[in-house]
Amino acid sequence: MNMHYDADLGIILNRRVAVIGFGSQGHAHALNLHESGVNVVVGLREGSSSKAEVESHGVAVKSIADAAAWAEVVMILIPDQHQKRVYEAEIKEHMTPGKALGFGHGFNVHYEQIAPPEGVDVFMVAPKSPGHLVRRTYTEGRGVPCLVAVAQDASGSTMDLALSWAKGIGGTRAGVIETNFKDETETDLFGEQAVLCGGSEALIKAGFETLVEAGYSPELAYFECLHELKLIVDLYYEGGLEAMNRSVSDTADYGGYSRGSRVITDTVKQEMKKILSEVQSGKFAKEWIEECDAGWPNMSQLRNASINHPMEKVGAKLRSMMSWLRRDEPVSTS
């Protein structure tokens, strides 16, 4: 893979830029670009509660349609499930030859929900972290790694544009990797479902339930199966698997080596392969699109079950006692 630690910021400085949306990624891209000197506006739906906040940072606000008409580079950073509708209704007619269309995730292009017209550059800049960290690290003079990709290179210089955008949001400070829309989308969805979100949450809940059902206090179960996980993940993040195993006790090291594979068995890996297959075939994308069209009946049920899990109740009580955790909530992802 090609890795970049610098790029020509002048490319994006010389373009009129519209960021559509001001949620998790939208606020980070827009504010970081603005502070990098880019001529950027934020496109918001009529009546958006974010308007005053955007303007408080000295960034102009336009309607989505007006922002798309004005800009030479349009970056869509609203949730995946809304992108097709908003693109068709308010952006598509303004995507004329010579312009560029950007995404923070490849879902809608890869699964053919959005089909950009010929003559338009299509690129992706995908920071590998939530938006509030993209913003926070930028203000601290650092950045988070980013993936960049080109789906349509009408101008012949779309990758340079993507890299310039990545530099504008702080990505080149940490490193920017070239990939493609397919690989970014499929690995991102798989990672979320099998490990980062779905897999980790299911493992934590199973551990908590096992201890509580065996008669241990919910508070002890919470600390052992959720709270301390951050310490382990930080070690993974800083130095990989070896650093974690070197840092824990010999007892924990041996127990992990000898018992971990009894939890994550070949059966689990086979299920992971099924999940990956559903992502690759488009089955998951179809299911998610249909779920959104139906008004989230399954999503609501699953979300409520997670929110009301006994571990969440004891966790809320314990966290309220931890003064060091009391800080402003991260920016919403909505």
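Details of the structure are given in the entry above.
Residues numbered from 1 in each chain as written. Predicted model: local features only at pLDDT ≥ 70, side-chain atom pairs only at ≥ 80, totals over all residues. Heavy atoms only, no water.

Participant: With reference to specific residues and values, describe the packing of helix H2 (residues 24–35) against helix H7 (residues 131–139).
Facilitator: Packing of H2 against H7 brings their axes to within 7 Å, and their N-to-C directions diverge by 20°. By the criterion of interaxial angle, the relationship of H2 to H7 is roughly parallel. Crossing of H2 over H7 shows left-handed handedness. Here H2 contributes Ser24, Gln25, His27, Ala28, Leu31, Asn32 and Glu35 to the contact with H7, which in turn contributes Gly131, His132, Val134, Arg135 and Tyr138. (Axes fitted to C-alpha atoms, helices over the stretch in contact; angles between N-to-C directions. Helix = DSSP H or I, 4+ residues; strand = E, 2+ residues; numbered from the N terminus. Parallel < 35°, antiparallel > 145°, perpendicular 65-115°, else oblique. Left-handed = near helix turned anticlockwise from the far one by under 90°. Contact = heavy atoms within 4.5 Å.)

Participant: Can you tell me about the pattern of salt bridges, naming the residues and giving the values?
Facilitator: Tallying each qualifying case throughout the model produces 15 salt bridges. As a salt-bridge pair, Lys182 and Glu186 come within 3.1 Å of each other at their nearest N and O atoms. With Lys182 and Glu186 both in helix H9 (residues 181–196) and four residues apart, the pair spans about one turn of that helix. Residue Lys182 is classed as partly exposed on the basis of its relative accessible area, which comes to 41%. (Salt bridge = Lys/Arg side-chain N within 4 Å of Asp/Glu carboxyl O. Buried < 20%, exposed > 50% of the residue type's maximum accessible area, 1.4 Å probe, protein only.)

Participant: Let's hear about the side chain of Ser24: which residues, and what values?
Facilitator: With respect to the helices and strands, the residue Ser24 is situated in helix H2. Residue Ser24 is classed as buried on the basis of its relative accessible area, which comes to 11%. Here the side chain of Ser24 touches Gly131 through a polar contact of 2.9 Å, landing on its backbone nitrogen. (Polar contact = N/O pair within 3.5 Å; in protein donor to acceptor, adjacent residues only side chain to side chain.)

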